Amino acid sequence: MSVAVTFLGAAREVTGSCILVQAGRTRFLVDCGMFQGGSESDAKNARPFPVPLSSIDFVLSTHAHLDHSGLLPKIVRDGYRGPVYATPATADLLRVMLPDSGHIQEREAEWQSKRARRAGARNNGEPLYTEADALATLPRLSAVGYGQRIEPAPGVSARFRDAGHILGSAIVSVTVRDGGKDRELVFTGDLGHRGLPIVRDPSLVDRADLLVMESTYGNRVHKGMEATIEEFVHAVTDTLQRKGGNVIIPSFAVGRAQDIIFLLADLTRRGRISGITLYIDSPLAAQATQVTLRHPECLDEQTMEVLRWREANPDRFRVAVTSSTEESMALNSLRGGAIIMAGSGMCEAGRIKHHLKHNLWRKECSVVIVGFQAQGTLGRRIVDGARWVRVLGEDIAVAADIYTIGGLSAHADRDDLLAWAGNFRTPPGRVFVAHGEESVSLGFAQELRDRFRWNVEVPEPGHPFEV
Ligand SMILES: [Zn+2]
Ligand SMILES: [Zn+2]
């Protein structure tokens, strides 16, 4: 059986993960992610799918982050009718995230067309997809537990293994029966950072005929978890001591938000911080936290311990969840003592923009960056030291302290990636390094060649590779 893979996104860039696999007569996708950051991304998200969607037999979803799942509603609206396989936790997260994403798309489209009309320009005002499109996607989800083998097409079987990245995240192994011989295709999705809160460490893989490996942080070594936690404690306590100081944490609602909640609870439990109030200004983050609590099968032992402590001491760590817009706006008048967490994680949309507008120009406040910031995003400009930024149509001075806590990244760093690769007993037949900025992927590919003598390529997007 001939096998060909085409990278439709996340090749020489980080976002838009979507791999089209043709195995004999079976056609499937590994992920169907959204491009994020900048106007170029909007164009990429809007372009038509390169093959008829009715010709795709199934989708394997590695995890719920939108850069891996965010275009599922678009392909379903445009004619995809097959199943979307995911772990039970991923499926539950998608049930929360995709409708939310549809809602954001609708609001964004409305805002864009208003702006276009004011500028005297034309704009069709069509959202990328709607909340209704997302809701229509949910019945396609089919939950598959870690380790369970499914056969979604004749001669093609698949299995999810824990990727240790966010709740439910998976490494996908696909076995293609080829005459008497099996061929193993392994897609890492996003690999987790060892020692991360909440989730376990990534599962090890020791053989593959084809390996597609992420490389988000292939050029970087995160600070150790201990040092990271000290930095975080310093950022929080230092800011809250200052008169009027608020801590603003832009965060992905899914994954990072739960890490932060868990970490603040654990730090309170251990007496490192006390008397804090965490405002979760993100209905999505609140829902994702509920999903996390419903999936103890995914949680590591330390997390279970914190949950038991929290149950016994509900008043030691105050968490306020805002649901209505009014409640959210009331946070704008908080002058000190608050930790406010909101999305989006890269400051491109959502309620975080209001909190930045009200706190970024105040030198007693701080912004604690806890996640990856893609090129072209507002979050990246803040991290890169911009003196002022444009937020909600206004120029806002950046006077607050900016802390970048890199060690909390849900992504494996270079050493994690190399350690994971070191578990292969024989070199994979062919290796593609994806999901990284171009220079990072190229550098990491060289590292794999130097260290393991692997046959490594950094694919260009859009054209098929026979394997
Ligand atoms: Zn991810
Ligand atoms: Zn990703």
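Our subject is the structure that appears above.
Residues numbered from 1 in each chain as written. Chains lettered and ligands numbered in written order. Predicted model: local features only at pLDDT ≥ 70, side-chain atom pairs only at ≥ 80, totals over all residues. Heavy atoms only, no water.

Take empty space enclosed by the protein next. By the definition in use, this model includes 2 cavities of 30 Å³ or more. As for the largest cavity, its lining consists of 19 residues, and the residues nearest its centre are Ser17, Ile19, His68, Gly189 and Val212. For the lining of the largest cavity, the secondary structure elements donating two or more residues are strand 1 (3-9), strand 2 (18-23) and strand 11 (210-214). The class makeup of the residues in the lining of the largest cavity is 9 nonpolar, 7 polar and 3 charged. In this structure, the second largest cavity occupies an estimated 90 Å³ of space. Ile166, Leu167, Ile198, Gly255 and Asp259 are the residues nearest the centre of the second largest cavity, which is lined by 14 residues in total. Residues lining the lining of the second largest cavity come from more than one domain, with at least three contributed by each of domain 1 (3-220 + 410-466) and domain 2 (225-408). (1 Å grid on protein atoms, 1.4 Å probe; cavity = no way out; pocket = protein on both sides within 12 Å on 5 of 7 lines; lining within 4 Å. Points joined across faces, edges and corners; volume = space filled by probe spheres on them. Helix = DSSP H or I, 4+ residues; strand = E, 2+ residues; numbered from the N terminus. Nonpolar A, V, L, I, M, F, W, Y, C, P; charged D, E, K, R; others polar. Domains from an automatic or database assignment.)

A separate point is the sheet that holds strand 14 (residues 318-321). Either a parallel or an antiparallel arrangement is found when strands of a sheet pair, and the pairing is made through backbone hydrogen bonds. As summarised here, the arrangement of the 6 strands in space is 14-13-15-12-16-19, forming an open sheet in which the pairing is parallel. The sheet terminates laterally at strand 14 and strand 19 (401-404), the two strands that pair on one side only. Averaged over neighbouring strand pairs, the angle between their axes works out to 20 degrees when direction is ignored. In this structure, strand 13 (residues 277-280) lies alongside strand 15 (residues 338-342), joined through 4 bridges in parallel fashion. Its bridge partner being in strand 15, Leu278 is matched across the sheet by Ile339. (Pairing = 2+ DSSP bridges. Axes fitted to C-alpha atoms, helices over the stretch in contact; angles between N-to-C directions.)

Bringing the coordination of the zinc ion (ligand 2) into the picture now. Ideal donor angles around a metal are set by the shape: a four-donor tetrahedron calls for 109.5 degrees, a six-donor octahedron for 90 or 180 degrees. The protein atoms donating to the zinc ion (ligand 2) are Asp67 (OD), His68 (NE2), Asp190 (OD) and His435 (NE2), with metal-donor distances spanning 2.1 to 2.3 Å. Geometry at the zinc ion (ligand 2) is irregular, judged from the 4 donor atoms that bind it and their angles of 89 to 157 degrees at the metal. Sequence spacing among the residues donating to the zinc ion (ligand 2) works out to D-H-x121-D-x244-H. The distance between the zinc ion (ligand 2) and the zinc ion (ligand 1) comes to 3.5 Å, with Asp190 serving as a donor to both metals. Of the residues examined, Asp67 reaches a relative accessible area of 9% and is grouped as buried. (Donors = N, O, S within 2.8 Å, 3.2 Å for Na, K, Ca; no water. Tetrahedral: all angles 85-135°; square planar, octahedral: opposite > 155°, others 65-115°. Buried < 20%, exposed > 50% of the residue type's maximum accessible area, 1.4 Å probe, protein only.)

Each pair of packed helices can be summarised by the angle the axes make with each other and by the distance between the axes. In contact at an axis separation of 10 Å, helix 7 (residues 256-269) and helix 9 (residues 301-312) are set at 65 degrees when each is read in the N-to-C sense. In terms of axis orientation, helix 7 runs roughly perpendicular to helix 9. The interaxial crossing formed by helix 7 with helix 9 has left-handed handedness. Along the contact surface, helix 7 presents Phe262, Ala265, Asp266, Thr268 and Arg269, while helix 9 presents Gln302, Thr303, Glu305, Val306 and Trp309. When its residues are assigned to classes, the contact of helix 7 with helix 9 shows 4 nonpolar, 3 polar and 3 charged. (Parallel < 35°, antiparallel > 145°, perpendicular 65-115°, else oblique. Left-handed = near helix turned anticlockwise from the far one by under 90°. Contact = heavy atoms within 4.5 Å.)

On to helix 11 (residues 352-359), then. Residue pairs three or four apart in sequence face the same way in an α-helix, which turns once every 3.6 residues. Within helix 11, the full set of buried residues consists of Ile352, His355, Leu356 and Asn359. End-on, the buried residues of helix 11 take up no more than an arc of 100 degrees, which puts them together on one face. Where helix 11 is buried, its residues meet strand 12 (247-250), helix 10 (325-330), strand 15, strand 16 (366-369), helix 12 (378-383) and strand 18 (394-397). (Arc of directions from axis to C-beta.)

What follows covers the side chain of Asp178. Here Asp178 lies in strand 9 (residues 170-178). According to the relative accessible area criterion, Asp178 is buried, its value standing at 18%. There is a polar contact of 2.3 Å between the side chain of Asp178 and the backbone nitrogen of Met1. Apart from the residues lying within four places of it in its own chain, the contact partners of Asp178 are Met1 and Arg183. (Polar contact = N/O pair within 3.5 Å; in protein donor to acceptor, adjacent residues only side chain to side chain.)

As a further point, take the pattern of salt bridges. Applying the stated criterion to the full structure yields 30 salt bridges. The shortest N-O distance in the salt bridge between Lys44 and Glu13 comes to 3.0 Å. You can see Lys44 sitting in helix 1 (residues 39-46) and its partner Glu13 sitting in the loop between strand 1 and strand 2, a full 31 residues away along the chain. Considered together, Lys44 and Glu13 belong to a single accessibility category, that of buried residues. A salt bridge links Lys223 to Glu231; its shortest N-O distance comes to 2.3 Å. On the accessibility criterion, Glu231 (22% relative accessible area) is partly exposed. (Salt bridge = Lys/Arg side-chain N within 4 Å of Asp/Glu carboxyl O.)

Moving on: the coordination of the zinc ion (ligand 1). Protein-derived coordination of the zinc ion (ligand 1) comes from His63 (NE2), His65 (ND1), His165 (NE2) and Asp190 (OD), at a distance range of 2.1 to 2.3 Å. Bound by 4 donor atoms, the zinc ion (ligand 1) shows angles of 91 to 165 degrees at the metal and therefore irregular coordination geometry. Counting gaps between the donor residues of the zinc ion (ligand 1) yields the pattern H-x1-H-x99-H-x24-D. Under the relative-accessibility criterion, Asp190 is labelled buried at 2%.

Structural measurements only, silent on function.
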